[in-house]
Amino acid sequence: MRIDVFTIFPDMVSGFAGQSLLGRAVERGLLDIRVHDLREHTTDVHRTVDGSPYGGGAGMVLRPEPIVASVEAADPPRPLFLLGPGGRTLDQAMARELAAGEGLSLLCGRYEGVDDRVRTEVCDGELSIGDYVLGGGEVAAMVVLEAVGRLVPGVMGNAESAGEESFSDGLLEYPQFTKPAEFRGVAVPEVLRSGDHARVARWRHARALVRTMRSRPDLMDLRGGLSAEEEALLLEFGLDD
Ligand code: SAH
């Protein structure tokens, strides 16, 4: 899958994309991440990418010409999303949708934002990572790269890891434990050391339910509450978190 990113800080994004899970996926040819420096398409000696806003006001706005020139030269995979607080908010369902597609592209704004003609003339949509304002789109691009990239088939080592994690069935994930068996007087739950795989699976489902009811009742409502079997699981394992 190819993902193109347009930014005035290419090193931030390419550094991130070269490490860990994404870095390995790029090396193995599963992901083709291309980062484009918007300054390469400026035409003046100062490599100007911004201008003051028409109508007045504080700060600077990214000019349309270097962005449009950069996008046209790269002919990037579509959809091309403008990153910004006004877009559709990324969630796991959208990450899955994007990971199942052919590719996508991300445009990072900076300063006060991007000349609106970029949105209307070259972008296919807007994407936000949450209801807060960042200083630029680079961190948002990294969030999208990682959330989508890890779901591309083959990127995660264990094919099962995406199936059981948070949000995969409308629930948060059950708690995980590793060595030591006891830490600061707190023991790993006995069931996880029992070797009884069916009981472990039932315990994990019960813990995921309790955790979701406690921390994210909104998710519980969305999935329509508890089934009869789930109520039985809670009776079996209790409501302690
Ligand atoms: N003045 C704008 C914010 C500009 S922030 C406003 O009030 O809406 C500068 C850049 O950071 C934006 O162009 C966008 O690319 C990026 N950015 C800021 N918040 C973001 C968010 N929640 N999601 C994705 N990108 C964001």
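Residues numbered from 1 in each chain as written. Predicted model: local features only at pLDDT ≥ 70, side-chain atom pairs only at ≥ 80, totals over all residues. Heavy atoms only, no water.

## Points about helix H8 (residues 197-215)
Selection rule: Secondary structure elements are taken from DSSP: a helix is a run of H or I of four residues or more, a strand is a run of E of two residues or more, and numbering for both begins at the N terminus. Multiply 1.5 Å by the residue count of a helix minus one, and that product is the helix's expected span. Accessible area is worked out with a 1.4 Å probe on protein chains only. A residue is then buried under 20% of its type maximum, exposed over 50%, and partly exposed in between. Any two residues whose heavy atoms approach within 4.5 Å are treated as being in contact.
Between its first and last C-alpha atoms H8 spans 27 Å; for 19 residues at 1.5 Å apiece the expected length is 27 Å, and the two agree. Considered for burial, the residues of H8 that qualify are Val 200, Trp 203, Ala 206, Arg 207, Ala 208, Leu 209, Val 210 and Thr 212. Where H8 is buried, its residues contact helix H9 (217-222) and helix H10 (228-237).

## Let's talk about the site of the ligand
Threshold: Whether a residue is near a molecule or strand depends on its heavy atoms: it is near if one of them lies within 4 Å of it. The term polar contact refers here to a pair of N or O atoms within 3.5 Å; inside protein, the definition further demands a hydrogen-donor-capable atom paired with an acceptor-capable atom, and it admits residues adjacent in sequence only when both atoms are side-chain atoms. Reported accessibility uses the Shrake-Rupley method at a 1.4 Å probe radius. Residues are deemed covered only where the shown protein chains occlude them. Note on residue classes: Ala, Val, Leu, Ile, Met, Phe, Trp, Tyr, Cys and Pro are nonpolar, Asp, Glu, Lys and Arg are charged, and everything else, Gly too, is polar.
Leu 83, Gly 109, Glu 112, Gly 130 and Tyr 132 are the nearest of the 19 residues found near the ligand. Gly 84 has a polar backbone atom sitting 3.3 Å from a nitrogen atom of the ligand. Between the ligand and Leu 134 there is a distance of 3.0 Å, counted from a nitrogen atom to a backbone nitrogen or oxygen. Contact with the protein chains hides 81% of the accessible area of the ligand, taken as 560 Å² for the molecule alone. Taken together, the elements giving at least two residues each to the shell around the ligand come down to strand E5 (80-89) and strand E7 (125-128). In terms of residue count, E5 provides more of the shell around the ligand than any other element does, three residues in total. Residue composition of the shell around the ligand, grouped by class: nine nonpolar, eight polar and two charged.

## Some points on the side chain of Thr 7
Mapped onto the elements of the fold, Thr 7 is located in strand E1 (residues 2-7). In terms of polar contacts, Thr 7 uses its side chain to reach the backbone amide nitrogen of Phe 9, at 2.7 Å. The contact partners of Thr 7, leaving out residues within four places of it in the chain, are Val 13, Val 35, His 36, Asp 37, Leu 38, Cys 108 and Glu 138.

## Regarding the side chain of Asp 37
Put simply, the rule reads: Think of it this way: Lys and Arg go in the positive column, Asp and Glu in the negative one, and His and the chain ends go nowhere. By salt bridge we mean one thing: a side-chain nitrogen of Lys or Arg within 4 Å of a carboxyl oxygen of Asp or Glu.
Mapped onto the fold, Asp 37 is located in strand E2 (residues 32-37). Nearest to the buried, unbridged Asp 37 among oppositely charged side chains is Arg 47, at 4.5 Å. Reaching out from Asp 37, the side chain makes a polar contact with the backbone nitrogen of Arg 39 at a distance of 2.9 Å. In contact with Asp 37, other than residues within four places in its own chain, are Thr 7, Ile 8 and Pro 10.

## Comments concerning the domain arrangement of the protein chain
A common way to report how large an interface is uses the accessible area buried once the components associate. Just so we agree on the cut-off: Either an automatic procedure or a domain database provided the assignment from which the domain bounds are taken.
Domain assignment breaks the protein chain into domain 1 (2-149) and domain 2 (166-236). Each of domain 1 and domain 2 was reduced to a C-alpha centroid, and the two centroids are 38 Å apart.

## A look at the pattern of salt bridges
Per the counting criterion, the structure on display carries 13 salt bridges. Residue Asp 218 is joined to Arg 216 by a salt bridge in which the shortest nitrogen-to-oxygen separation is 2.9 Å. Judged by its relative accessible area of 40%, Asp 218 is partly exposed. One salt bridge in this structure joins Glu 230 and Arg 223, with 2.9 Å as the shortest N-O distance.

## Focus on the packing of helix H1 (residues 10-17) against helix H6 (residues 138-149)
So the rule is basically this: To define axes, lines are fitted to C-alpha atoms, for helices over the stretch in contact only, and angles between the resulting N-to-C directions are given on a 0 to 180 degree scale. An angle below 35 degrees is treated as roughly parallel, one above 145 as roughly antiparallel, one from 65 to 115 as roughly perpendicular, and anything else as oblique. Crossings are assigned a handedness: left-handed for a near helix turned anticlockwise from the far helix by less than a right angle, right-handed for a clockwise turn.
One can describe the packing of H1 onto H6 by two numbers: an axis separation of 10 Å at closest approach and a directional angle of 25°. With respect to H6, the axis of H1 lies roughly parallel. Note that H1 runs across H6; the crossing there is right-handed. Here Met 12, Val 13 and Phe 16 of H1 come into contact with H6, specifically with Glu 138, Met 142, Leu 145 and Glu 146. Across the contact of H1 with H6, the residue classes tally to five nonpolar, no polar and two charged.

## Some words on the sheet that holds E5
Two orientations exist for strands paired in a sheet by backbone hydrogen bonds: parallel and antiparallel. The following threshold applies: A pair of strands is labelled paired if DSSP reports no fewer than 2 bridges between them.
Spatially, five strands are ordered E2-E1-E6-E5-E7 in an open sheet, and the strand pairing comes out parallel. Lying at the two open borders of the sheet, with one neighbouring strand each, are E2 and E7. Averaged over all pairs of adjacent strands, the angle between strand axes in this sheet comes to 35°, irrespective of strand direction. Here five bridges tie E5 to E7, and the two strands are oriented parallel to one another. Opposite Leu 82, over in E7, you have Glu 126 as the bridge partner.

## Here's the deal with a nonpolar patch on the surface
Note the threshold: What makes a patch is a set of residues exposed beyond 30% relative accessible area and free of salt bridges, joined within 9 Å when like-charged and within 5 Å when nonpolar (Val, Leu, Ile, Met, Phe, Trp, Tyr).
Taken together, the side chains of Tyr 132, Leu 134, Val 139 and Val 143 present a nonpolar region at the surface, about 320 Å² in accessible area. With respect to the secondary-structure elements, Tyr 132 resides in the loop between E7 and H6. Overall, the relative accessible area of 44% leaves Tyr 132 in the partly exposed class.

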